[in-house]
Amino acid sequence: MKNIMVTGGAGFIGSNFVRMMLNKYPAYRIINVDALTYAGKLENLQDVAGCSNYVFVKGDIRDKTMMGKVFAAYEIDTVVNFAAESHVDRSIAEPEVFMTTNVIGTQILLNTAVKQWKADPEDMYSREYIPGVKFLQISTDEVYGALGVKGKFTETMPLMPNSPYSASKASADMIVRAYHMTYGLPVNITRSSNNYGPYQFPEKLIPLMIYNCLQNKKLPVYGDGMQVRDWLHVKDHCEAVDLVLHNGVNGEIYNIGGNCEKANIEIVKLIISQQGKSEDLIEYVKDRPGHDRRYAVDSSKITAQLGWSPRYTFEEGIRETIDWYLANTQWI
C-alpha cells in the first residue's frame with residue numbers, strides 16, 4: 001500500500017485531488033494534512049470522510065515536530081504538496097504569511113522527507129532512497145511572470161514573479177530543485193494555469209462573480225478587465241497531477257494548461273449571461289499592484305511525455321461550475 005500525504009487536502013484543488021485518488025486507487029492510503037485555515041474546509045470532503053483508506057490530520061506544514069511524527073506514524077512514502085497561501089490580493093496585504101507557509105513550510109516538508117526516506121538516515125551525503133518515494137510540488141504558472149501578446153510559458157523559461165504570492169511559490173520551487181540536486185531527493189514540480197470548478201473559495205474570480213450575481217451585488221473588475229488567463233478545470237488538473245505522480249520523469253517540471261485563454265471581463269460577462277443578469281452589475285475598480293497582463297501555458301511536454309490533455313471544454317466546464325455553486329449555496 002502506498003501512503004500518500006496530501007498537504008492542503010481540504011482546500012479547493014487538494015480536496016478534488018483527494019476525492020479522485022480515493023475513488024481511483026482504493027489500495028492507497030491518503031493522509032490529508034491541512035491546517036484548516038479560512039479556505040480549507042472539511043465539508044469539502046464530507047462525501048469521502050468515511051472511507052477506510054482516508055485519514056485526516058489537522059496540522060501545519062511549518063510545524064517541524066508534527067511533520068516528523070506524521071511521516072513516522074503513517075509511514076509516508078509520497079508527498080503531494082498543495083498546501084499554500086494562494087490569493088494574490090492577500091499576499092499584497094500580508095506577505096509574511098505567504099513566505100512562512102509557502103517557503104519555510106515547503107522546506108520543512110522536504111527536510112522531513114529526506115530524513116525519513118534515506119536508505120541510510122545517518123549519511124546525508126548518500127543519494128540512495130527507499131524505493132518508490134517521491135515529493136511532488138504543486139506550483140503555478142505565475143512564477144514565470146507576465147507574457148506579451150504572443151507566446152506561452154515553457155518549463156525552461158526563467159522565473160520572474162511579480163507578486164509576493166508568486167515570489168513565494170517560485171522560491172519554493174527553487175528549494176525543491178535544490179533538494180533534488182543536493183540530496184538526490186526524487187521530485188517533480190507541476191505548474192498549472194488558473195483553475196476553476198467546485199469547492200473553490202469565493203474570493204477568486206469565478207466563484208466570486210457567480211456568488212455576487214446570485215445576490216445581485218456589484219461585480220468588481222480590476223482595471224479594464226482585459227487581463228488574460230489560461231483556464232483549466234480542476235478535474236483536468238488533478239488527472240494531470242496523477243499522471244506526473246505515477247509516471248513523471250525524476251527531477252522534471254511539467255506545465256499544465258487548459259489551452260483556453262480568456263480575458264477576465266469575458267468570463268464575467270459569460271457568468272452574467274448564464275444567470276440572466278444585467279451587465280450593469282459590473283463595477284470597474286482600481287487595478288491591483290503588479291497585476292500581470294497575460295498568462296498562457298505550453299502543455300506540450302506533459303502531452304508528449306505522459307499523454308495528458310484536458311478533457312473539459314470551457315463551455316461545459318463553466319456551465320457545470322455555475323450549476324454546482326447555484327446548487328450549493330449553503331456551502332458558500
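Higher on the page you've got the structure.
The following paragraphs examine the structure supplied in this document. Worth saying up front: this structure is predicted, and the values here are computed from it rather than measured.

Thoughts on the packing of helix H8 (residues 264-274) against helix H10 (residues 314-327)
Two quantities define a packed helix pair, namely the angle between the axes and the distance from one axis to the other. Relative orientation of the contacting elements H8 and H10 amounts to 60 degrees, with a least axis distance of 11 Å. Taken together, the axes of H8 and H10 lie oblique to each other. Judged by the sense of rotation from one axis to the other, the crossing of H8 with H10 is right-handed. Here Ile 267, Leu 270, Ile 271 and Gln 274 of H8 come into contact with H10, specifically with Phe 314, Ile 318, Arg 319 and Ile 322. For the contact of H8 with H10, the class distribution of residues is six nonpolar, one polar and one charged.

Describing empty space enclosed by the protein
Inspection of the entire model under this criterion finds one cavity of 30 Å³ or more. For the largest cavity, the calculated volume is near 70 Å³. Within the lining of the largest cavity, the residues separate by chemical class into three nonpolar, five polar and four charged.

Looking at the nonpolar core
Formed by 56 residues in total, the largest nonpolar core has its most connected members in Phe 17, Met 21 and Val 80. A per-element tally of this core places helix H1 (residues 12-24) first, with seven residues. Contact partners of Phe 17, with chain neighbours within four places excluded, come to Val 6, Val 80, Phe 82, Cys 238, Val 241, Asp 242 and Leu 245.

What to know about the sheet that holds strand S5 (residues 134-140)
The strand order across the open sheet formed by seven strands is S3-S2-S1-S4-S5-S6-S10, and the pairing between neighbours is parallel. Strand pairing shows two members of the sheet lacking a second neighbour, strand S3 (54-58) and strand S10 (253-256), which therefore form its edges. Strand-to-strand twist in this sheet, taken as the mean axis angle between neighbours without regard to direction, amounts to 20 degrees. As defined by bridge partners, strand S1 (residues 3-7) adjoins strand S4 (residues 78-81) across four bridges and the pair is classed as parallel.

Observations concerning the sheet that holds strand S11 (residues 261-263)
One open sheet holds the three strands; their spatial order is S7-S9-S11, and the pairing between them is mixed. Each having just a single partner strand, strand S7 (194-196) and S11 make up the two edges of the open sheet. On average, each strand axis in the sheet is inclined to that of its neighbour by 50 degrees, with strand direction left out of account. Two strands pair when backbone bridges link them, and strand S9 (residues 228-233) and S11 are joined in this way by three bridges, in the antiparallel orientation. Paired with Val 228 across the strands is Ala 263, a residue of S11. In this fold H8 packs onto S9 and S11, with an angle of close to 80 degrees to the strand it touches most, S11.

Quick look at the pairing of S4
The two faces of S4 match: Thr 78 and Val 80 on one face and Val 79 and Asn 81 on the other face are all buried. Sheet topology places S4 next to S5; four bridges connect them, and they run parallel. Looking at the pairing, Val 79 lines up with Phe 135 of S5.

Quick look at the layout of surface pockets
Of the volumes computed, that of the second largest pocket is approximately 170 Å³. Every residue along the wall of the second largest pocket is listed here: Asn 16, Arg 19, Met 20, Asn 23, Pro 198, Tyr 199, Lys 235, Cys 238, Glu 239 and Arg 311. At the level of elements, H1 and helix H7 (234-247) are the ones that each hand at least two residues to the lining of the second largest pocket. With four residues, the top contributor of residues to the lining of the second largest pocket is H1. Residues that form the lining of the second largest pocket fall into these classes: four nonpolar, two polar and four charged.

A look at the pattern of salt bridges
Taken as a whole, this structure holds 12 salt bridges when the rule is applied. The shortest N-O distance in the salt bridge between Glu 266 and Lys 262 comes to 3.3 Å. A relative accessible area of 14% means that Lys 262 is categorised as buried.

Description of the packing of aromatic side chains
Applying the stated rule across the entire model yields 14 aromatic pairs. Judged by centre distance (6.4 Å) and plane angle (80 degrees), the rings of Phe 98 and Tyr 165 are edge-to-face. Of the two residues, Phe 98 is situated in helix H4 (residues 95-117) and Tyr 165 in helix H5 (residues 164-183); the sequence distance between them amounts to 67 residues. With relative accessibility at 2%, the residue Phe 98 sits in the buried group. On the numbers, 6.0 Å between centres and 45 degrees between planes, the contact of Phe 153 with Tyr 295 is tilted. Taken together, the positions of Phe 153 in the loop between S5 and H5 and Tyr 295 in the loop between strand S12 (282-285) and helix H9 (300-306) put the pair 142 residues apart, joining distant regions of the chain.

Calculation rules
Residues numbered from 1 in each chain as written. Predicted model: local features only at pLDDT ≥ 70, side-chain atom pairs only at ≥ 80, totals over all residues. Heavy atoms only, no water. Axes fitted to C-alpha atoms, helices over the stretch in contact; angles between N-to-C directions. Helix = DSSP H or I, 4+ residues; strand = E, 2+ residues; numbered from the N terminus. Parallel < 35°, antiparallel > 145°, perpendicular 65-115°, else oblique. Left-handed = near helix turned anticlockwise from the far one by under 90°. Contact = heavy atoms within 4.5 Å. Nonpolar A, V, L, I, M, F, W, Y, C, P; charged D, E, K, R; others polar. 1 Å grid on protein atoms, 1.4 Å probe; cavity = no way out; pocket = protein on both sides within 12 Å on 5 of 7 lines; lining within 4 Å. Points joined across faces, edges and corners; volume = space filled by probe spheres on them. Core = buried A, V, L, I, M, F, W, Y, C linked by side-chain atoms within 4.5 Å. Buried < 20%, exposed > 50% of the residue type's maximum accessible area, 1.4 Å probe, protein only. Pairing = 2+ DSSP bridges. Salt bridge = Lys/Arg side-chain N within 4 Å of Asp/Glu carboxyl O. Phe/Tyr/Trp six-rings, centres within 6.5 Å; stacked < 30°, edge-to-face > 60°.

It is worth stressing that arrangement in space is one thing and function is another; only the former is reported here.
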